[in-house]
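A structural walkthrough
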Amino acid sequence: MESRRQRADYKRNPSLKDNASDSVHADLPHIAALIGDGEITVGILNPVGCVAVATDGHNTLAMLKRRQDETLAQLLTRLDHAIERAWTEEIYTDEINPPVSSIFRAARKRRD
């Protein structure tokens, strides 16, 4: 039999206090609520760059592109507000994909 490397047991960082997550929940309440049933993803999407995406398991609520000189905390705050807009006003933010109307205009120009 082949030997396989065993995964190291996850050990909680003792420097993290239990109440540290409470302050995050207060600062980003919609993200905290969302991750109970959905997910957020933050990372690099080529060729777009750094993005933050929030989904509720069925729909994409927000897709944000990180702005120049924007901190991760600022990006997550914008994502939290975008999630709130999606839930309360049904406004879904998409900063990654071009508007559909611009795609159709480009397609029409090619035919002419």
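Look above for the structure.
Each value, and the rule that gives it
- Residues numbered from 1 in each chain as written.
- Predicted model: local features only at pLDDT ≥ 70, side-chain atom pairs only at ≥ 80, totals over all residues.
- Heavy atoms only, no water.
- Helix = DSSP H or I, 4+ residues; strand = E, 2+ residues; numbered from the N terminus.
- Buried < 20%, exposed > 50% of the residue type's maximum accessible area, 1.4 Å probe, protein only.
- Contact = heavy atoms within 4.5 Å.
- Areas by Shrake-Rupley, 256 points an atom, 1.4 Å probe, with all protein chains shown as cover.
- Core = buried A, V, L, I, M, F, W, Y, C linked by side-chain atoms within 4.5 Å.
- Pairing = 2+ DSSP bridges.
- Expected span 1.5 Å × (residues − 1).

Here we take up the overall build of the protein. The secondary structure content of the protein amounts to four helices and four strands. Secondary structure elements of the protein, listed N to C terminal, follow the sequence α-α-β-β-β-α-β-α. Taken across its 112 residues, the protein has 23% of its residues classed as buried. Within the protein, contacts between residues separated by at least 24 positions form 43% of all contacts whose residues are at least 6 apart in sequence. Accessible area for the protein stands at about 9200 Å²; split by element, carbon and sulfur atoms hold 51% of it.

So, about the nonpolar core. One recurring pattern in soluble globular proteins: nonpolar side chains tend to sit buried together. Ile31, Leu79 and Ile83 are the most contacted members of the largest nonpolar core, which totals 15 residues. When residues of this core are traced back to their parent elements, those giving at least two are helix H2 (29-34), strand S2 (49-55), strand S3 (60-65) and helix H3 (72-89). The element contributing the most residues to this core is H3, with six residues. In this structure, isoleucine 83 is in contact with His30, Ile31, Leu34, Ala54 and Leu61, ignoring residues within four places of it in sequence.

Turning next to the side chain of aspartate 80. By the secondary structure assignment, aspartate 80 is in helix H3. Setting aside its immediate chain neighbours within four residues, aspartate 80 contacts Asp27, Leu28, Pro29, His30 and Ile31.

The next thing to look at is the pairing of S2. Across the seven residues that make up S2, a large majority, six, are buried. By the bridge criterion, seven bridges tie strand S1 (residues 39-45) to S2 in an arrangement that is antiparallel. Residue pairing in the sheet places glycine 43 in a bridge with valine 51 of S2. Here S1 hands over to S2 after three residues, the two strands then running antiparallel side by side. Connecting the antiparallel pair S2 and S3 is a turn made up of four residues, with glycine 57 showing a positive phi of about 100°.

Taking 1.5 Å per residue as the helical rise, H3 with its 18 residues ought to reach 26 Å, and the 25 Å between its terminal C-alpha atoms agrees with that figure. Within the span of H3, buried status applies to Leu75, Leu76, Arg78, Leu79, Asp80, Ala82, Ile83 and Ala86. Where H3 ends, the next residue or the one after it, glutamate 90, has phi of about 55°, a positive value.

This part is about the environment of asparagine 97. Residue placement: asparagine 97 occurs in the loop between strand S4 (93-94) and helix H4 (100-111). Residue classification places asparagine 97 among the partly exposed positions, given a relative accessible area of 43%. Expressed as a C-alpha distance, the spacing of asparagine 97 and methionine 63, which sit 34 residues apart in the sequence, is 8.7 Å.

It is worth spelling out unusual backbone geometry at this point. Residue proline 47 is reached from asparagine 46 by a cis peptide bond, and omega for that bond is 0°. Here proline 47 shows up in the loop between S1 and S2. One non-glycine residue, glutamate 90, lies in the positive phi region at around 55°. Examined against the element boundaries, glutamate 90 turns out to sit in the loop between H3 and S4. The class of glutamate 90 is exposed, set by a relative accessible area of 61%.

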